[in-house]
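Listed here are the chains, written in short residue letters.
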Amino acid sequence: MATEPVNEEVAGSCVDAGGSAIGMPQLCFDWFPNQIFWLVITLVVIFLVLSRVALPRIAAILAERKGTITNDLAAAEDLKAKAVEAEEAYNKALADARAEAQRIAAEARAEIQSGLDDAIAKADAEIAAKAAESEKAIAEIRAGALESIQLVAKDTAAELVTALGGEADAKAIDSAVDAQMKG
């Protein structure tokens, strides 16, 4: 089959005698009106598809995200307010607990001090009683010791008078020892 020559009037300046394009067909000025027509049709179709299908879906997703973010921010504010309230309640409970602990400690100290005062008073009374008993015992020992000293002094004086060659007069010795003991 032989290739038929292309009519140049029909093909224009963009096609050679064999029917092949000369250069890039997109850049052929003879075909620009046809290319522009289809470009406009394609852009209108793309615009319609985007405006009727894709953009509403994207807008819905963006609105949903915005709503979620707004709700999350509101929930965060609520939680923050609750956290502040909880912190205030915690601080109040802590202060109340500290006050209660101090009150209990003061009561315990008062009870301990009361018991201590009672124990000290009892110990003081016991010490005073023992001191009185001791003083009484010491007074009895002193009295017994003075009597013993007086008796020993009388016996010793009588023995000395007898050893020195005299006769021991019991009344004279008793009066001499009594006089010395009184001072």
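As annotated in an unreviewed UniProt entry, the protein chain carries the name ATP synthase subunit b and is attributed to Ruegeria profundi. UniProt, in its Sequence similarities (unreviewed entry) section for the protein chain, records the words "Belongs to the ATPase B chain family."

A. A look at the overall build of the protein chain. Helix and strand counts for the protein chain stand at 3 helices and 0 strands. Moving toward the C terminus, one meets the helices and strands of the protein chain in the order α-α-α. A globule of 183 residues ought to have a C-alpha radius of gyration of about 16 Å, yet the protein chain, at 67 Å, is considerably larger. Over its C-alpha atoms, taken along the principal directions, the protein chain stretches across nearly 200 × 35 × 30 Å. Sequence-distant contacts in the protein chain: of pairs separated by 6 or more residues, those separated by 24 or more amount to 18%. Working note: accessible area of the protein chain is about 15,400 Å², and carbon and sulfur atoms make up 64% of it.

B. Geometry of a nonpolar patch on the surface. Together, L39, L43, I46, L50, L55, I58 and L62 give the surface a local cluster of nonpolar side chains, amounting to about 640 Å² of exposed area. Looking at where L55 falls in the secondary structure, it is placed in helix α2 (residues 32-163). By relative accessible area, which is 47% here, L55 ends up partly exposed.

C. Up close: the confidence of the model for the protein chain. Averaged over all residues, the pLDDT of the protein chain is 86; the fraction at 70 or higher stands at 93%. Averaged pLDDT values over the elements of the protein chain bottom out at 52 in helix α1 (residues 8-11) and peak at 92 in α2.

D. Representation of the UniProt feature "transmembrane region" (unreviewed entry) in the protein chain. Sites flagged by UniProt as "transmembrane region" (unreviewed entry) map to residues 36-55. Helix makes up 100% of residues 36-55 and strand 0%, and the two end C-alpha atoms of the span are 26 Å apart.

E. Structural detail: the packing of α2 against helix α3 (residues 170-182). For the pair α2 and α3, the least separation of the axes is 10 Å and the interaxial angle reads 135°. In terms of orientation, α2 lies oblique with respect to α3. In the packing of α2 onto α3, the handedness of the crossing is right-handed. Each of L146, I149, Q150, A153, K154, A157 and A158 in α2 lies in contact with α3, whose residues at this interface are I173, D174, V177, D178 and M181. Each residue belonging to the contact of α2 with α3 can be placed in one class, and the counts come to 8 nonpolar, 1 polar and 3 charged.

F. Broad picture of the UniProt feature "coiled-coil region" (unreviewed entry) in the protein chain. Per the UniProt record, "coiled-coil region" (unreviewed entry) is found at residues 76-142. End C-alpha atoms of residues 76-142 are separated by 94 Å, and the span's content is 100% helix alongside 0% strand.

G. Just the pattern of salt bridges, in detail. Inspection of every chain in the model, using the stated rule, returns 4 salt bridges. In this structure, D96 engages K92 in a salt bridge whose closest nitrogen and oxygen atoms are separated by 3.1 Å. Here the residue D96 and the residue K92 both occupy positions in helix α2, the gap between them amounting to 4 residues, near one helical turn. Between R103 and E100 there is a salt bridge, and its shortest N-O distance comes to 2.3 Å. Separated by 3 residues within a single helix, R103 and E100 lie in helix α2, roughly one turn from each other. A single network of salt bridges, built from pairs that share partners, joins E100, R103 and E107.

H. Up close: the packing of aromatic side chains. Taken as a whole, this structure holds 2 aromatic pairs when the rule is applied. Here the aromatic rings of F29 and F32 are separated by 5.1 Å at their centres, their planes lie at 70°, and the arrangement is edge-to-face. Look at F32 and you get partly exposed, because its relative accessible area is 29%. Note on F37 and W38: the rings are 5.2 Å apart at their centroids and 75° apart in plane angle, and the pair reads as edge-to-face. Since its relative accessible area comes to 46%, F37 is described here as partly exposed.

Here is what the cut-offs are and how they apply
- Residues numbered from 1 in each chain as written.
- Predicted model: local features only at pLDDT ≥ 70, side-chain atom pairs only at ≥ 80, totals over all residues.
- Heavy atoms only, no water.
- UniProt positions renumbered as here; feature names shortened; annotations may be inferred.
- Helix = DSSP H or I, 4+ residues; strand = E, 2+ residues; numbered from the N terminus.
- Rg over C-alpha atoms; globule rule 2.2 N^0.38 Å.
- Contact = heavy atoms within 4.5 Å.
- Areas by Shrake-Rupley, 256 points an atom, 1.4 Å probe, with all protein chains shown as cover.
- Patch = residues over 30% accessible without salt bridge, like charges linked within 9 Å, V, L, I, M, F, W, Y side chains within 5 Å.
- Salt bridge = Lys/Arg side-chain N within 4 Å of Asp/Glu carboxyl O.
- Buried < 20%, exposed > 50% of the residue type's maximum accessible area, 1.4 Å probe, protein only.
- pLDDT = per-residue confidence, 0-100.
- Axes fitted to C-alpha atoms, helices over the stretch in contact; angles between N-to-C directions.
- Parallel < 35°, antiparallel > 145°, perpendicular 65-115°, else oblique.
- Left-handed = near helix turned anticlockwise from the far one by under 90°.
- Nonpolar A, V, L, I, M, F, W, Y, C, P; charged D, E, K, R; others polar.
- Phe/Tyr/Trp six-rings, centres within 6.5 Å; stacked < 30°, edge-to-face > 60°.

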